[in-house]
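What follows is each chain in one-letter form.
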Amino acid sequence: MPRTLSATAAASALAAQTAEVWLACLTISGSGLPTFRICTDTVPLETTDGTFQPYPFEADLPDDVERSPGTMEVRICNVDREVTRLLKEYEGIPQARMEIRLASQPDTVEVGPFDFTVLAAEANELTISLRLGHEEDLLNQRVPAQSYNPSNSPGLWI
């Protein structure tokens, strides 16, 4: 699927050198707790959606090909244990949103948003690994989901 970038982002992507800073922004939300927003910057990123706090993490964006399962891996620094505490306190299954923004245009989402469910989380003393995806496997669902037989669709069996 082709992406539409802003003029600034396109110029930055095509330039041999640029002063633009591309930021990965991750939002984790769930019932019972406030939304947790982090970005790969050294200063807070103010947006109309809220403030993304600087926090070290790495993300492997989903492949941009057809028939991709649409999952991604995120590794978050776990040194201060704040993210671990938040994930443990969420009621239900947390939702995650990944976006790529430019530091100079924080209100413009250049890539994404990618909306996911947190499918799995593993933590050790240094990192939290999140596997993000969709609760249901959309590519392997039956279409139509209904099966047609004489009891539920008698008009087809005359």
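Below is a summary of the structure that appears in this document.

### As for the side chain of Glu-110
With respect to the secondary-structure elements, Glu-110 resides in strand β8 (residues 105-123). Only 3.5 Å separates the side chain of Glu-110 from the side chain of Gln-105, close enough to count as a polar contact. Ignoring any residue separated from it by four or fewer positions in sequence, one finds Glu-110 in contact with Thr-4, Leu-5, Ser-6, Ala-9, Trp-22, Ile-100, Arg-101, Leu-102 and Gln-105.

### Some remarks on the packing of aromatic side chains
This model, assessed by the stated rule, comprises 2 aromatic pairs. With 6.3 Å between their ring centres and 80° between their planes, Phe-36 and Tyr-55 make a pair best called edge-to-face. With Phe-36 in strand β2 (residues 36-39) and Tyr-55 in the loop between β4 (50-54) and β5 (57-60), this residue pair connects regions lying 19 residues apart in the sequence. Exposure remark for Phe-36: the relative accessible area of 13% places this residue in the buried category. A residue is classified by how much of its surface remains accessible, and Tyr-55, at 13% relative accessible area, is buried. Where Phe-114 meets Phe-116, the ring centres are 6.5 Å apart and the plane angle is 25°; that geometry is what we call stacked. A relative accessible area of 18% places Phe-114 in the buried class.

Calculation notes
- Residues numbered from 1 in each chain as written.
- Predicted model: local features only at pLDDT ≥ 70, side-chain atom pairs only at ≥ 80, totals over all residues.
- Heavy atoms only, no water.
- Helix = DSSP H or I, 4+ residues; strand = E, 2+ residues; numbered from the N terminus.
- Polar contact = N/O pair within 3.5 Å; in protein donor to acceptor, adjacent residues only side chain to side chain.
- Contact = heavy atoms within 4.5 Å.
- Phe/Tyr/Trp six-rings, centres within 6.5 Å; stacked < 30°, edge-to-face > 60°.
- Buried < 20%, exposed > 50% of the residue type's maximum accessible area, 1.4 Å probe, protein only.

Purely spatial values, then, with no claim about function.
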